[in-house]
Amino acid sequence: MTVRFDGRVAIVTGAGGGLGREHALALAKRGAKVVVNDLGGARDGSGGSATAAEAVVAEIVAAGGEAMANAASVTDFAAVQDMVAAAMAKWGRIDILVNNAGVLRDKTFAKMELDDFRFVMDVHLMGAVHCTKAVWDIMREANYGRVVMTTSSSGLYGNFGQSNYGAAKMALVGLMQTLSIEGAKNDIRVNCLAPTAHTRMTEDLGARLPLDLLGPETVSPGLLHLVSEDAPSRCILTAGAGGFERAYVTLTQGIRAVGEDAPEQVAARFAEISDRTGEIVPEMGAAQGMIELTKAQNAHA
C-alpha cells in the first residue's frame, strides 16, 4: 500500500531545517502541496528571516513539487491566520497540519527565569494551539483533517534542565487526547510524534549520541503515516534512527482505601497501587472515575 498525498495541502511549521524540513520534503515528494513555515530565528527563538523557509520551497519546486514559504511566528495568532488564509487562497484546502516549530531555553528550574519558561510554553504549546485553531473549522467543514503535535521524551519521561520544554511537550499530549475525541466525528485524526534526531535542537548532546544514525530523515516515515488517509488517531508514536515505538498513558487497577487510616493504607499498599497487572489505556478521562466508583460500589455490594 503506497502512501500518497496527491491533491492534499499540508502546513509544516518549523520547516526551515531539521525535522520540519525533512517532513516538508517527504510530503512534497509524495504529492502534497506544502506551506513551509519557519520564523527563521535562532534556536532560542530570537531573530527571524524568511530565508530558511524559502530555501526549502526552492528544493521542493526544483524537484517538481508545489510549495509556498511563510515566516510567521506561531506565537502570533493573527499571523498564523494570515498564513492559513494565504494557503486557502492559493490551493482552496488544508488537509494536514504538522506542528513542529520549537525553541530551547534550557536551564535548571532553580536558575530559569520565568520569562524563559513562559516563552517555551508559548512557542510549543500555544503555537500548536494557534495553528490548530486556525485550521480546525476548515477541517471540520471538509470532514477531513490530519494533525500532528510534536511531543518529546523530555515531556513523556523528563530530562534534566528542561522543565519548560518538558512541560510544554507533555501539554501537547493532553491537547492531542482531547482534540482526537472532539475531531472524531469529522474524521480529524490527531496524533503525537516524539522524535529522536540530530538537529540544531539537539546539537549540545554531541558525542553522547551516535549522530550518524540519528538523521531527521529517519523520523519522517512515521510522520507520513500519522498524516495519511489510513492514519490512526490518539497515538503517541516515538521514532528515531529508523526505530518506531508507541508510548501510552496508562492507568493501574489500584486499590480502595477509606477510613481514618486511609493514608497509612495507601503507604502500606503503594506497591499494590503501582502494580501494572491489568492496567488499561483509558478511552477518556472519565475512565479514572469509573474505576474508582466501581471499587466503591463493590465494597458496598
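Heads up: the structure comes first, above all this text.
No experiment lies behind these values; they were computed from the predicted model shown. (Residues numbered from 1 in each chain as written. Predicted model: local features only at pLDDT ≥ 70, side-chain atom pairs only at ≥ 80, totals over all residues. Heavy atoms only, no water.)

Asks: What is the right way to look at unusual backbone geometry in this model?
Replies: Note on backbone geometry: most residues besides glycine have negative phi, and most peptide bonds are trans. Positive phi, close to 55 degrees, is recorded for N143, a residue that is not glycine. Among the secondary structure elements, N143 is positioned in the loop between helix 4 (114-142) and strand 5 (145-150). Non-glycine residue D187 carries a positive phi angle of around 55 degrees. Here D187 lies in the loop between helix 6 (163-183) and strand 6 (188-196). Looking at D187, the relative accessible area reads 25%, which means it is partly exposed. (Helix = DSSP H or I, 4+ residues; strand = E, 2+ residues; numbered from the N terminus. Buried < 20%, exposed > 50% of the residue type's maximum accessible area, 1.4 Å probe, protein only.)

Asks: Would you explain helix 2 (residues 51-62) in this entry?
Replies: Between its first and last C-alpha atoms helix 2 spans 16 Å; for 12 residues at 1.5 Å apiece the expected length is 16 Å, and the two agree. Next to the buried residues of helix 2 lie helix 1 (18-29), strand 2 (33-37) and strand 3 (67-70). Positive backbone phi, approximately 95 degrees, marks G64, located one or two places after helix 2. (Expected span 1.5 Å × (residues − 1). Contact = heavy atoms within 4.5 Å.)

Asks: Just to check I follow, could you spell out the environment of C131 for this structure?
Replies: In this structure, C131 sits in helix 4. Residues C131 and Q81, spaced 50 residues apart in sequence, show a C-alpha to C-alpha distance of 7.8 Å. Excluding anything up to four places from it in sequence, C131 contacts T13, V74, V80, L97 and N99.

Asks: How do you make sense of the packing of aromatic side chains when you look at a structure like this?
Replies: For any pair of aromatic rings, the description rests on two quantities: the centre-to-centre distance and the angle between the ring planes. Following the criterion strictly, the structure yields one aromatic pair and no others. On the basis of an interplanar angle of 75 degrees and a centroid distance of 6.3 Å, the ring pair of F109 and F117 is categorised as edge-to-face. On the basis of relative accessible area, F109 is assigned to the exposed category, the value being 59%. Here the basic side chain of R8 rests over the ring of Y144, its NZ or CZ set 3.8 Å away from the ring centre. (Phe/Tyr/Trp six-rings, centres within 6.5 Å; stacked < 30°, edge-to-face > 60°. Lys NZ or Arg CZ within 6 Å of the ring centre and 35° of its normal.)

Asks: Hey, could you run me through the pairing of strand 6 in this one?
Replies: Remember that side chains alternate between the two faces of the sheet whenever the strand is regular. Among the nine residues of strand 6, seven are classified as buried, and the element is accordingly described as predominantly covered. Direction of pairing for strand 5 relative to strand 6: parallel, over a ladder of six bridges. Bridged to G145 within strand 6 is I188. Bridging between strand 6 and strand 7 (residues 236-240) involves five bridges; their strand directions are parallel. Each residue of the ladder has a partner; that of C192, found in strand 7, is I236. (Pairing = 2+ DSSP bridges.)

Asks: Is there a simple way to think about the packing of helix 1 against helix 2 in this case?
Replies: Two numbers describe a pair of packed helices, the interaxial angle and the distance between the axes. Taken N-terminus to C-terminus, the directions of helix 1 and helix 2 make an angle of 25 degrees; their axes are 10 Å apart at the nearest point. Compared by their axis directions, helix 1 and helix 2 come out roughly parallel. The two elements helix 1 and helix 2 meet at a crossing, and its hand is right-handed. On the side of helix 1, the interface is formed by R21, A24, L25 and A28, while helix 2 contributes V56, E59 and I60. Looking at the contact of helix 1 with helix 2 residue by residue, the classes come out as five nonpolar, no polar and two charged. (Axes fitted to C-alpha atoms, helices over the stretch in contact; angles between N-to-C directions. Parallel < 35°, antiparallel > 145°, perpendicular 65-115°, else oblique. Left-handed = near helix turned anticlockwise from the far one by under 90°. Nonpolar A, V, L, I, M, F, W, Y, C, P; charged D, E, K, R; others polar.)

Asks: Honestly, the layout of surface pockets in this entry has me stumped. Any pointers?
Replies: Summary: where empty space remains is shown by rolling a probe the size of a single water molecule over the atoms. Of the pockets and cavities examined, the second largest pocket occupies roughly 400 Å³. Forming the walls of the second largest pocket are 18 residues, and the residues nearest its centre are Q177, R234, V249, V281 and P282. Those elements that provide at least two residues to the lining of the second largest pocket are helix 6 and strand 8 (243-247). For the lining of the second largest pocket, the leading source of residues is helix 6, giving three residues. (1 Å grid on protein atoms, 1.4 Å probe; cavity = no way out; pocket = protein on both sides within 12 Å on 5 of 7 lines; lining within 4 Å. Points joined across faces, edges and corners; volume = space filled by probe spheres on them.)

Asks: Help me out: how do you make sense of empty space enclosed by the protein in this one?
Replies: Following the criterion strictly, the structure yields one cavity of 30 Å³ or more and no others. The space that makes up the largest cavity amounts to roughly 70 Å³. Every residue lining the largest cavity is counted, 13 residues in all, and those nearest its centre are N99, N100, A101, H124 and A128. For the lining of the largest cavity, the secondary structure elements donating two or more residues are helix 4 and helix 6. For the lining of the largest cavity, the element with the highest residue contribution is helix 4, accounting for five residues. Taken together, the residues of the lining of the largest cavity sort by class into six nonpolar, six polar and one charged.

Asks: Got a minute to help me understand the side chain of N99 in this structure?
Replies: Among the structural elements, N99 can be located in strand 4 (residues 96-99). A relative accessible area of 6% means that N99 is categorised as buried. Within the structure, N99 has its side chain in polar contact with the side chain of T132 (distance 3.1 Å). (Polar contact = N/O pair within 3.5 Å; in protein donor to acceptor, adjacent residues only side chain to side chain.)

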